[in-house]
Structure formats: C-alpha cells, structure tokens
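So the chains spell out like this:
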There are 2 protein chains.
Amino acid sequence: MNDAPIGVFDSGIGGLTVVAAIMHALPHERVVYVGDTARVPYGPKSPETVVRYSRQIATWLLEQQVKAIVIACNTATAHALELLQRECPVPVIGVVQPGARAAVRATRNARIGVIGTSGTINSGAYHRAIASLAPDATVFGAACPLFVPLVEEGWVDHPATRLIAETYLHAMRDAHVDTLVLGCTHYPLLAPIIADVVGRDVTLVDSAAETANALRDALQDRAIATSAIEGAPVHRFIATDAPDTFRRVGQRFIGPVLDSVETTVFA
Amino acid sequence: MNDAPIGVFDSGIGGLTVVAAIMHALPHERVVYVGDTARVPYGPKSPETVVRYSRQIATWLLEQQVKAIVIACNTATAHALELLQRECPVPVIGVVQPGARAAVRATRNARIGVIGTSGTINSGAYHRAIASLAPDATVFGAACPLFVPLVEEGWVDHPATRLIAETYLHAMRDAHVDTLVLGCTHYPLLAPIIADVVGRDVTLVDSAAETANALRDALQDRAIATSAIEGAPVHRFIATDAPDTFRRVGQRFIGPVLDSVETTVFA
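Since this is a predicted model, take the numbers as computed values, not measurements.

1. Overview of unusual backbone geometry
Phase 1: A cis amide bond links Val40(A) to the next residue, Pro41(A), at an omega of 0°.
Phase 2: When you line up the elements, Pro41(A) lands in the loop between strand 2 (31-35) and helix 2 (47-63).
Phase 3: A positive phi angle is found at Ala223(A), which is not glycine, with a value near 55°.
Phase 4: Here Ala223(A) is to be found in the loop between helix 10 (207-221) and strand 9 (236-239).
Phase 5: Positive phi outside glycine occurs at Gln65(B), with the angle close to 65°.
Phase 6: Structurally, Gln65(B) is set in the loop between helix 2 (47-63) and strand 3 (68-71).

Here it is in structure tokens:
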C-alpha cells in the first residue's frame, strides 16, 4: 500500500481525458496533474525540445513524491517515454502502448489507422507499438496538425472542421482501415465528425480508458495501490500559464472536480 | 554612426516579414533575429508569460550588443513594449504603433478594423494606439486564432481557410470598415483570401514596411545608423527549436539570405 499521488502530465488540457479515466478506474487514487500551457503545443516541436520539457515536468512531479507518472500526451510519450522510464525511480506509463493494444484488439481486417500530431506520427511510435503486438497488421498514419487548434477554438462541429477532416482523412477511407486510433488527447472531442468522415463502421480507439487500466495493473503489480480512503481523494491541478482558462475549459473534460488551479513556472 | 546590429524578435517565423522590410529600408544594417519556436505561439498565452519570454529574449539580444530592438510580433508588442522601453538602454520599437499610423492614414470613413491573436485583440493595444492618433475613428477588433495554424500548415488557399475567414470576418463586412489592419505577422500570407472576404475595396494594412520606417527614424534621430559598408551585411538568425523547419519555411518569407540558422535555449 502506498498513498502517494499519481503524477499525470500533458502539454496542456487534453490529458484531462486520461485523468477522467483514471478517476473512474482508480477512484481512491489522488492525482497531481501538470498542463504545460505556457509552452503548448508540443505536437510541432522537435523531439529534443519535447524531451527537455517532459524531463522538467517529471522532475517536478517526483519532487511532489508521486508513486507513478502517466504521460497523458501522445507527443511526449512518443519522444520521452523510454528516457523517463530509464531515469525515473517510479513506473512511467505512456498513452501509445495502451492505444496500440486497444487497436490490435479491435481490428478485424488488420488494417489500422493512426492520427496524431506531426511529432507523434513522424516518430513512428504507434507503428512500432502495433508491429510488436501484431506483426501482420498494416498501419496507416496521418498527421492532423489543425485538429488541436480547432478543438481549442471550440469548433468541434463547424463546417470548416468537417472540410479539414475530409482533407486529412480521405486516405484513411481509401486504405479501408477498420480501426482508427485517436492518437492525440484532443481528438476524442472531434469523434463525431471523424466518425462521419471515415464511416460509422470504423472503430475509433481512444487510449484514455486503456491507459488507466495499464496504470491500475502497474500499481497492483508493485503493490503500491492506495488503501481505501474515506471520502473523495483530493486532486491537484497545475497549469504553467492561464489558470483561469485552464479551469474553465478543463471543466468541459472532467467537471466540477477541477475547482481550483495552481500555477508553476519551469525555466 | 554605430555599426552594431539591430535585434529583432518574434514568437516564431512571422517576424521575418518585418526583417524583409528592414533589409529593404535599411540595406546597410545587420540584423540579429530570434524566433522563439520552442514556445510558439504567443497569441493565446497570458500577458505575464509573454512578458517573461520577451524579457528573456531582449536580455539575450542586449548581450549581443544590439543598438535597437524591434518587437516583430503583435502579441509581444501589445503586452511587453512599454516595459521593454523602460528597461532597455536602447530604443525599442513595436509593430502596433506603426500599424495604427498606417491605418489612420489609409482610412477615409474613419472605420478601421483590426484582426489579430486573442492576446493582441484582448489587450486593446490597437484601439488605444488608433484612438491616440485619430480620436474620432471607430475601431472594430476580431480575434482570428486559427489563422496562425492555417498559415503554418501552408493552407493559404484551402477552401476551409476561406470558410474560417468568412466566420471571423463577416462582422468586419457588416461594420463597413474601409481599412483592415493585419495585426499579426502571419496574416499577410492570407491577404488574398482576406481581401476576397472583406471586399477588394477595403485597404489591408501590413505594419512591416511602416515598422521599418519607424526604425529608420529612430536610428537617424539618435545618429546611430550604420556607416555605409562594402558588400552585403551579414545577418544572424536564431531559432529556439527546429532550425531546419525554420530555415525551410523562413526562406518563403525572405529568400536565400536565410542560409543558416543557429539555436539557443531560454530557460
């Protein structure tokens, strides 16, 4: 038993979808969440820069005595997971491996699409993760750089969003994928439009629930799950910029549990 | 006479439009340009964070012995100009005042539109600058957060871009502005679509040329223009991330003079 909190981080607000899944799967665990809103987005930035930012945040989370770290950001997972697993004294869990596992389980024709930021797609992280689980699967990747700003603008059902989705996703339709990994924590908010464009028969995979399961397994394997507590656990939310916007938009993701936001500065 | 270089900075690559104007207006001056690609964009970030970033870059430029600083970024000008003017021992020139001056000169009906990032529009910097020059003018502002990612994606003539421009700009059309300030250094690349949407009779104001003129005046007033030199001056370009992308995309803005890019890290 270990009542220390779980550290979770993302480039901004999207990782809260993973926090929601953790709260659901592990209702006794406390979460310390860092959203790096001062340097968002990570998607178009270089691996070296994303590694530097991820390492700063992981160091800070370890100072908060977390017992595990969840990288709730596909780009940071793609670039920094292995390094943080080597460097950190606690288990580090990313979103790519769980997403790949869910996709392999879902596909029937072994044709899997992955959409994400330029950083995630160019890293090849999903291709490798899926190949290691299902060597016969064919993986089709597409970077969708405008999806994050569209979600942040709140245009989840604007006609322009549909037009952009058609431009990004027509190759997925032509490739006859039967499963599409939403390889960015912002994308679940565009799921209705994405489903319309690729076809309702394509299974959309969101790695949040699967990541929470991977965390639960890691805690159980090491016997560091928290003891049952009285009342609801108290979570902490930290943004590196604009905490009011973070709270307002973040409540769309996880509701009123996000009632106060701290700030910190890395640099 | 003073042969020290001119420091120019922006959140990323857009400020190169101002560098091009400086090279044209002041062909003997050397430029040291910093694009903060590791933390781009500034538009949605808080004034405090944009001030912190701007101050770090200005400090670095002063260490390079620049004789003047041009803030080639509307958001950074809106939030940090006055502070940097107080703190720096050299003249500091922003893009807002020159853009406002050009707009006031261009308008015939005293109805001026300004488009920019959320940070620029919410700051009210253009409203104040225009009011100080033309108290009777009416100013209409509109934030266009998706324009920067659209330009960075290279979608300057995509049908989705037109649809988004129509959403952002229909209020400008209804307001019967006869002059529209492109209050973000990325926007000149969208000028053809913007002109189509607001009407070809609306004058689009790009502050780059006017900013270069303001710099020339500042150098002349203080007698710190450079002496005539033999051959072309040697400029320096510094990006805080992804120098290869910076060079490739930046050459679209200023051509082959951008032949090598250094990197530095603030933090």
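That shown, we press on.
2. Structural notes on the relation of the copies chain B and chain A
Phase 1: Expressed as a screw operation, the relation of chain B to chain A combines 0.0 Å of axial shift with a rotation of 180°, fitting to an RMSD of 0.0 Å. One copy is carried onto the other by what is essentially a two-fold rotation axis. The C-alpha atom lying nearest the rotation axis in chain B is that of Ala267(B); the distance is 2.1 Å.
Phase 2: When you check the interface residues of chain B against chain A, 100% turn up at the interface there too, and the contact is symmetric in its surfaces.

3. With respect to the packing of aromatic side chains
Where two aromatic rings form a pair, the distance of their centres and the angle of their planes describe that pair.
Phase 1: Scanning all chains against the criterion turns up 14 aromatic pairs over all chains.
Phase 2: Relative to Tyr168(B), the ring of Trp155(A) has its centre 5.3 Å away and its plane inclined at 45°; by these criteria the two rings are tilted. Highlighted residues: Trp155(A) in the loop between helix 7 (147-152) and helix 8 (159-174) and Tyr168(B) in helix 8 (residues 159-174), drawn from two different chains. Assigned by exposure class, Trp155(A) and Tyr168(B) land together as buried.

4. Observations regarding the sheet that holds strand 8 (residues 203-205) of chain B
All names here are of chain B.
Phase 1: Within the open sheet, the 4 strands sit side by side as 6-5-7-8. Their pairing is parallel. Each edge of the open sheet carries a strand with a single partner, namely strand 6 (138-143) and strand 8. Here the strands of the sheet are splayed against their neighbours by 25° on average, with no regard to which way each runs.
Phase 2: Two elements, strand 7 (residues 179-182) and strand 8, share 3 bridges in a ladder whose sense is parallel. Opposite Thr179, over in strand 8, you have Thr203 as the bridge partner.
Phase 3: Sitting on the sheet, helix 8 is in contact with strand 5 (111-116), strand 6 and strand 7, with an inclination near 170° to strand 6.
Phase 4: Those strands touched by helix 9 (residues 191-198) are strand 5, strand 7 and strand 8, and its axis lies near 140° from that of strand 8.

5. Considerations on the side chain of His235(A)
All names here are of chain A.
Phase 1: Assignment of secondary structure puts His235 in the loop between helix 10 and strand 9.
Phase 2: A distance of 3.0 Å separates a polar side-chain atom of His235 from the backbone nitrogen of Val31.
Phase 3: His235 has contacts with Met23, Glu29, Arg30, Val31 and Val257, leaving out every residue within four places of it along the chain.

6. Some words on the nonpolar core
Phase 1: With 54 residues, the main nonpolar core has Ile115(A), Phe147(A), Leu169(A), Ile115(B), Phe147(B) and Leu169(B) as its most contacted residues.
Phase 2: Those elements that place two or more of their residues in this core are helix 7, helix 8, strand 7 (179-182) and helix 9 (191-198) of chain A together with helix 7 (147-153), helix 8, strand 7 and helix 9 of chain B.
Phase 3: Ignoring sequence-local partners within four residues, the contact set of Phe147(B) consists of Ile115(B), Ile164(B), Ala165(B), Tyr168(B), Tyr187(B), Leu190(B) and Ile194(B).
Phase 4: Counting 32 residues, the second-largest nonpolar core is a separate cluster that includes Leu26(A), Val31(A), Ala72(A) and Val261(A).

7. Focus: the confidence of the model for chain A
For residues with low pLDDT, the predicted coordinates do not support detailed interpretation.
Phase 1: A residue-level look at chain A finds 100% of positions with pLDDT of 70 or above and a mean pLDDT of 95.
Phase 2: Predicted as a complex, the structure gets a pTM of 0.93 and an ipTM equal to 0.91.

8. Thoughts on the domain arrangement of chain A
Residues and elements named next belong to chain A.
Phase 1: Entries for chain A in the domain assignment read domain 1 (6-94 + 209-263) and domain 2 (96-207).
Phase 2: On a C-alpha basis, the centroid separation for the pair domain 1 and domain 2 is 22 Å.
Phase 3: Listed per partner, the contact involves 19 residues of domain 1 and 19 residues of domain 2.
Phase 4: Of the roughly 1600 Å² buried at the junction of domain 1 and domain 2 (both faces included), carbon and sulfur atoms supply 53%.
Phase 5: When the buried area of domain 1 at its contact with domain 2 is split by residue, Asn74, Ala78 and Glu210 rank highest and sum to 37% of it.
Phase 6: Counting across the domain 1 and domain 2 interface gives 2 salt bridges.
Phase 7: Glu210 is the salt-bridge partner of Arg101, the closest N and O atoms lying 3.9 Å from each other.
Phase 8: Seen at the junction of domain 1 and domain 2, the total is 9 residue pairs in polar contact (both at pLDDT 80 or more).
Phase 9: Among the elements of the structure, helix 1 (16-25), helix 3 (74-87) and helix 10 are those that each provide at least two residues to the side of domain 1 that touches domain 2.
Phase 10: Per-element accounting of the side of domain 1 that touches domain 2 gives the leading share, 5 residues, to helix 3.
Phase 11: A per-class count over the side of domain 1 that touches domain 2 returns 7 nonpolar, 10 polar and 2 charged.

9. Focus: the interface of chain B and chain A
Phase 1: Opposite the 28 residues of chain B that make contact, chain A presents 28 residues.
Phase 2: Interface area lost by chain B to chain A is led by Leu146(B), Trp155(B) and Asp241(B), which between them contribute 21%.
Phase 3: In this structure, the connection of chain B to chain A is made through 0 salt bridges.
Phase 4: Applying the counting criterion to the chain B and chain A interface returns 14 residue pairs in polar contact (both at pLDDT 80 or more).
Phase 5: Broken down by secondary-structure element, the contributors of at least two residues to the side of chain B that touches chain A are helix 2, helix 7 and helix 8 of chain B.
Phase 6: Of the residues forming the side of chain B that touches chain A, the biggest block, 6 residues, is contributed by helix 8 of chain B.
Phase 7: Broken down by class, the residue content of the side of chain B that touches chain A amounts to 17 nonpolar, 6 polar and 5 charged.

The rules behind the values
Sequence order as written defines residue numbering, which begins from 1 separately in each chain. Chain letters start at A and ligand numbers start at 1, both assigned in the order the entries are written. For a predicted model such as this one, the threshold for reporting local features is a pLDDT of at least 70, and the threshold for listing and counting side-chain atom pairs is 80 or more; totals across whole chains, interfaces and linings nevertheless cover every residue. The basis for every side-chain value is the complete set of non-hydrogen atoms in the structure, without hydrogens or water. Put simply, DSSP marks the helices as runs of H or I at least four residues long and the strands as runs of E at least two long, and each gets a number from the N terminus on. Least-squares superposition of the copies uses the C-alpha atoms of those residues scoring a pLDDT of at least 70 in each of them. Only heavy atoms matter for contacts: two residues are in contact if any of them lie within 4.5 Å across the pair. Only Phe, Tyr and Trp rings are paired, with Trp represented by its six-membered ring, and only when their centres lie within 6.5 Å; those with planes under 30 degrees apart are stacked, over 60 edge-to-face, the remainder tilted. Per-residue accessibility, obtained with a 1.4 Å probe over protein chains only, is compared with the maximum for each type, and a residue is labelled buried under 20%, exposed over 50%, and partly exposed between these values. Should DSSP find at least two bridges between two strands, the strands are regarded as paired. A fitted line through C-alpha atoms represents every axis, and for helices the fit uses only the stretch in contact; the resulting angles, taken between N-to-C directions, go from 0 to 180 degrees. Identification of polar contacts relies on pairs of N or O atoms within 3.5 Å, with a donor-acceptor requirement for protein atoms, meaning one able to donate a hydrogen and the other able to accept it, and with residues adjacent in sequence counted only if both atoms are side-chain atoms. Side-chain atoms within 4.5 Å link the members of a nonpolar core, which is a set of buried Ala, Val, Leu, Ile, Met, Phe, Trp, Tyr and Cys residues. pLDDT expresses how confident the predictor is about each individual residue, on a scale running from 0 to 100. Each domain's extent was defined by an automatic or database domain assignment. Joining two parts hides part of their accessible area as seen by a 1.4 Å probe, and the buried area is that hidden amount summed over both. One side-chain nitrogen of Lys or Arg within 4 Å of one carboxyl oxygen of Asp or Glu is enough to make a salt bridge. Residue polarity is assigned by list, with Asp, Glu, Lys and Arg as charged and Ala, Val, Leu, Ile, Met, Phe, Trp, Tyr, Cys and Pro as nonpolar; anything else, Gly included, falls into the polar class.

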